[in-house]
Amino acid sequence: KTSWPLVDMLSPAAVAATEKAAFERLTASQLPDGSFPWFPGGRGDPYMTLYVLAGFAEARHYGVEVPAPMLRNALRYAMGEVPRRMKPEEGDLAFLLYASYVLTAFPEELKGSVPELARAKEMAKTWLTFAAKHDRAFTRLGHAYASYAWRRLGEVKKAEAYLDRAMDGARHDELTGTYWTPEKNSWVWYNDTLETHAFLIRTLQTLR
């Protein structure tokens, strides 16, 4: 027995109820311009909107239906905001790479019902091409994002090259295994040591 509110994730009814509640909360928090705020009642935020879109893409890969109007409005907002971050600074490049990773993540089957996705992929290619001119400022996580995005765009050689560069930063010893040393400003989202490590493991499992 426990006082924690447990959910039986093997119960179809419980799963359906949890999914319904989650989408109701997302619907209530999405702003008229399609963006999502960090907190209910807050201002729309480009990063948080991309974060929600990443969740939508992951959900679609597992067969979860995402309301098309919510998805389309969030995509339109993101495609309007991301180009403003086309700057050579590390943080802006990390944002462009994350946006490229997210907007190329949706299954091809959605193009019919969400035509914005075709334009999103074209824009992602533009962002990746711009970022490549300043790739010395990429973080390891950025290299992994670029690898995913280029592979989804059909550029396998570029994808492999970026993944190789991400792996160049790996260290190994018998006691701790393989790891990536913390980068400068490791408290920001695009340098977070644990998230980077976990994402690189997932990238290797998926792409190699």
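Everything discussed here concerns the structure shown above.
Along each chain, the written sequence defines residue order, and numbers are assigned to residues from 1. Where local features are concerned, this predicted model is filtered to residues with pLDDT of at least 70; where side-chain atom pairs are given and counted, the filter is 80 or more; whole-chain, interface and lining totals use all residues. As a rule here, side-chain values cover all heavy atoms of the structure and leave hydrogens and water aside.

All right, on to the pairing of strand β3 (residues 170–173) then. Look at any regular strand and the pattern is simple: side chains alternate between the two faces of the sheet. Strands qualify as paired when DSSP identifies two bridges or more between them. Starting at the N terminus, helices and strands are each numbered in turn, a helix being any DSSP run of H or I of at least four residues and a strand any DSSP run of E of at least two. Sheet topology note: the β3/strand β4 (residues 177–180) ladder contains four bridges and is antiparallel. Pairing of H172 across the sheet is with T178, part of β4. Following β3, the chain reverses through three residues before pairing antiparallel with β4.

Right, let's get into the nonpolar core. Membership of the largest hydrophobic core comes to 56 residues, with the highest contact counts inside it found for L50, L53, F56, L71, L75, L103 and F106. Elements with a contribution of two residues or more to this core: α2 (46–61), α3 (68–81), α4 (90–103), α5 (116–132), α6 (140–152), α7 (156–168) and α8 (193–207). Ranked by residues supplied to this core, first place goes to α4 with nine residues. Residues contacting L53, with those up to four places away along its chain left out, are L71, A74, L75, A78, V102, L103 and F106. Among the buried residues, those of types Ala, Val, Leu, Ile, Met, Phe, Trp, Tyr and Cys that are joined through side-chain atoms within 4.5 Å form a nonpolar core. In this scheme, a residue with accessible area under 20% of its type's maximum is buried, one over 50% is exposed, and one in between is partly exposed, where area comes from a 1.4 Å probe on protein chains only. The contact criterion used is simple: two residues touch if any of their non-hydrogen atoms lie within 4.5 Å.

Our next topic: the packing of α5 against α6. Helix axes use the C-alpha atoms of the stretch in contact, all axes being lines fitted to C-alpha atoms, and the angles between their N-to-C directions lie in the range 0 to 180 degrees. Between α5 and α6, the least distance of the axes is 11 Å, while the angle of their chain directions is 135 degrees. Taken as axis vectors, α5 and α6 run oblique relative to one another. In the crossing of α5 with α6, the sense of the turn from one axis to the other is left-handed. Where α5 approaches α6, its residues K121, K125, L128 and T129 are matched on the opposing element by A146, A149, W150 and R152. Looking at the contact of α5 with α6 residue by residue, the classes come out as four nonpolar, one polar and three charged. Each angle receives one of four descriptions, namely roughly parallel if under 35 degrees, roughly antiparallel if over 145, roughly perpendicular if within 65 to 115, and oblique otherwise. In this scheme the handedness of a crossing depends on how the near helix is turned from the far one: anticlockwise by less than a right angle means left-handed, clockwise means right-handed. Residues are grouped as follows: Ala, Val, Leu, Ile, Met, Phe, Trp, Tyr, Cys and Pro are nonpolar; Asp, Glu, Lys and Arg are charged; all remaining types, including Gly, are polar.

With that settled, the discussion passes to the pattern of salt bridges. Just to be clear on terms, a salt bridge is a Lys or Arg side-chain nitrogen sitting within 4 Å of an Asp or Glu carboxyl oxygen. Taken as a whole and assessed by the stated rule, the structure comprises 13 salt bridges. A salt bridge links E65 to R60; the nearest nitrogen and oxygen atoms lie 3.5 Å apart. By relative accessible area, E65 is classed as exposed at 55%. Residue E160 is joined to R208 by a salt bridge in which the shortest nitrogen-to-oxygen separation is 2.9 Å.

Our focus in this paragraph is the side chain of D45. Inspection of the secondary structure assignment puts D45 in strand β2 (residues 44–45). At 3.1 Å, the side chain of D45 forms a polar contact with the backbone nitrogen of Y47. Beyond its immediate sequence surroundings of up to four residues, D45 is in contact with S35, F36, P37, W38 and Y77. Nitrogen and oxygen atoms within 3.5 Å of one another constitute a polar contact, given that in protein one can donate a hydrogen and the other can accept it, and given that sequence-neighbouring residues count only through two side-chain atoms.

Pairs were defined over the aromatic rings of Phe, Tyr and Trp, the Trp ring being its six-membered one, requiring ring centres within 6.5 Å. Orientation was assigned from the angle between planes: stacked under 30 degrees, edge-to-face over 60, tilted for the rest. In this structure the tally under the stated criterion is 16 aromatic pairs. With centroids separated by 5.3 Å and ring planes inclined at 50 degrees, the aromatic side chains of Y98 and Y145 adopt a geometry described as tilted. With Y98 in helix α4 and Y145 in helix α6, this pair connects stretches of sequence that are 47 residues apart. Across this residue pair, the class does not change: Y98 and Y145 are buried. Considering the side-chain rings of Y101 and F199, the 5.3 Å spacing of their centres and the 80 degrees angle between planes classify their relative orientation as edge-to-face. You can see Y101 sitting in helix α4 and its partner F199 sitting in helix α8, a full 98 residues away along the chain.

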